[in-house]
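# Inside the fold
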Amino acid sequence: MRAETRCGCHARMLLCMDDESGRWHVAYFSDAHNHHVLELRFSSMLPGHQRMSEAYIEQMNDMRKGGIGVSQIHGFIASLAGGYHNVPYTTRDMHNVNAKQRREDGLDVESCLSQIDYQVFGDVVAFNATYQKNVYLSPLVVFSGVNHHNQTVVFAAALVADEKKETYVWLLQQLQTSMKGKAPVSIIIDGDRQMKSAIEQVFPEAHHRLYTWHLLRNATSNIGKPKFTSMFRDCMLGDYEVRTFQRKWFEMVEKFGVADKRWVRGLAHCDITVVADFECAEGNLVMTTNLKQLEQSAADNYIRAIFYLFVPILDRACAMKVVDSEDNGSYFIHTVS
């Protein structure tokens, strides 16, 4: 129940409108208060007196563009006005104005910057959820990446109710919608099965990768040999050609006798998938049409981008059938279907 604030005060003012002139006038006024009244210098703090003029709003917007926070702006205005009691609005009013501006504009500046960052650096996205580490006791999901200065950039973040597949599916769909439909090429996760299933449903073409930190932790917990973990780190972080990496991997597995470990077999499967992706993009091209010799000639002479444009045209040419031929002496006319 709300607290009772009435005290039987008889102070009041009655306004009436004159029918002939259409003007309002004070018909009755009494200032007989039975309680202490607020000092005049604090009148601006009354809810009915609090408001931000257009000039104040413009000044706040200019200072926010310079990276100054709302509380600092309010303090600066108070210093100019001679005290907080002379400022006709509070920090809450300032936050309300900012929220209203964001609603009217559709997107705030931070959202626009996140979209720009995602369009440029969003090919590789780290998808991570912290387990109930905040005051809300809810998982915090963060989508982040790395920019051209090797700095971490946050694309989006959300508090979710649980870590179920359906929740992650909805979250990834919202990310795709807010980022104008762009899908990441690779997504780095911690190996969570619910995340993996959600990614396969929303971004079926994206490649799954694991965090380095999680791989090292798993190496320690599953193998339990410090020397293996050290060699595993060197193998994983080294800048090796594919064949060199495979050789070092198998040498490491044989040296420590861990080939039968389930975790190692799982990593070997991931390694095969990564090598296949790499060779598809960087290795020898696979001929797919019936005109192998012509297709190989194109592969030898064209750059990959042009070759990938050429193959569909060649494939359509292979599907054509000659239904009629006419010999005109110096040339032939073929009719195809």
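Residues numbered from 1 in each chain as written. Predicted model: local features only at pLDDT ≥ 70, side-chain atom pairs only at ≥ 80, totals over all residues. Heavy atoms only, no water.

Turning our eyes to something else, we now look at the nonpolar core. Within the largest apolar cluster, 25 residues are counted, with the highest numbers of intra-cluster contacts made by Phe 127, Val 141, Phe 143, Phe 155, Leu 172 and Ile 199. Breaking this core down by element, the ones donating at least two residues are helix H4 (109-121), strand E3 (124-130), strand E4 (140-146), strand E5 (152-159), helix H5 (165-178), strand E6 (186-189) and helix H6 (193-202). Here the element with the most residues in this core is H5; it accounts for 5 residues. Beyond its immediate chain neighbours, meaning those up to four positions away, Phe 155 contacts Ser 114, Asp 117, Tyr 118, Phe 121, Gly 122, Val 124, Val 125, Phe 143, Ser 144, Gly 145 and Met 179. (Core = buried A, V, L, I, M, F, W, Y, C linked by side-chain atoms within 4.5 Å. Buried < 20%, exposed > 50% of the residue type's maximum accessible area, 1.4 Å probe, protein only. Helix = DSSP H or I, 4+ residues; strand = E, 2+ residues; numbered from the N terminus. Contact = heavy atoms within 4.5 Å.)

The geometry of H5 relative to H6 is characterised by a closest axis approach of 8 Å and an angle of 45° between their N-to-C directions. Accordingly, the angle class assigned to the pair H5 and H6 is oblique. The two elements H5 and H6 meet at a crossing, and its hand is right-handed. Taking contact as the criterion, the partners of Lys 165, Tyr 168, Val 169, Leu 172, Gln 173 and Gln 176 in H5 are, on H6, Gln 194, Met 195, Ser 197, Ala 198, Ile 199, Gln 201 and Val 202. When the residues that make up the contact of H5 with H6 are grouped by side-chain class, the tally is 7 nonpolar, 5 polar and 1 charged. (Axes fitted to C-alpha atoms, helices over the stretch in contact; angles between N-to-C directions. Parallel < 35°, antiparallel > 145°, perpendicular 65-115°, else oblique. Left-handed = near helix turned anticlockwise from the far one by under 90°. Nonpolar A, V, L, I, M, F, W, Y, C, P; charged D, E, K, R; others polar.)

Bringing unusual backbone geometry into the picture now. One non-glycine residue, Asn 150, lies in the positive phi region at around 60°. Here Asn 150 lies in the loop between E4 and E5. Of note in the backbone geometry, Lys 180 takes a positive phi value of approximately 60° without being a glycine. Relative to the helices and strands, Lys 180 resides in the loop between H5 and E6.

Moving on, we come to the pairing of strand E9 (residues 332-336). Within a regular beta strand, the side chains point alternately toward one face of the sheet and then the other, so they alternate between its two faces. Relative to E9, strand E8 (residues 322-327) runs antiparallel, the two being bridged by 5 bridges. Bridging across to E9, Asp 324 finds its partner in Thr 335. From the end of E8 to the start of E9, which pair antiparallel, there are 4 residues, and Gly 329 there has a positive phi angle of about 90°. (Pairing = 2+ DSSP bridges.)

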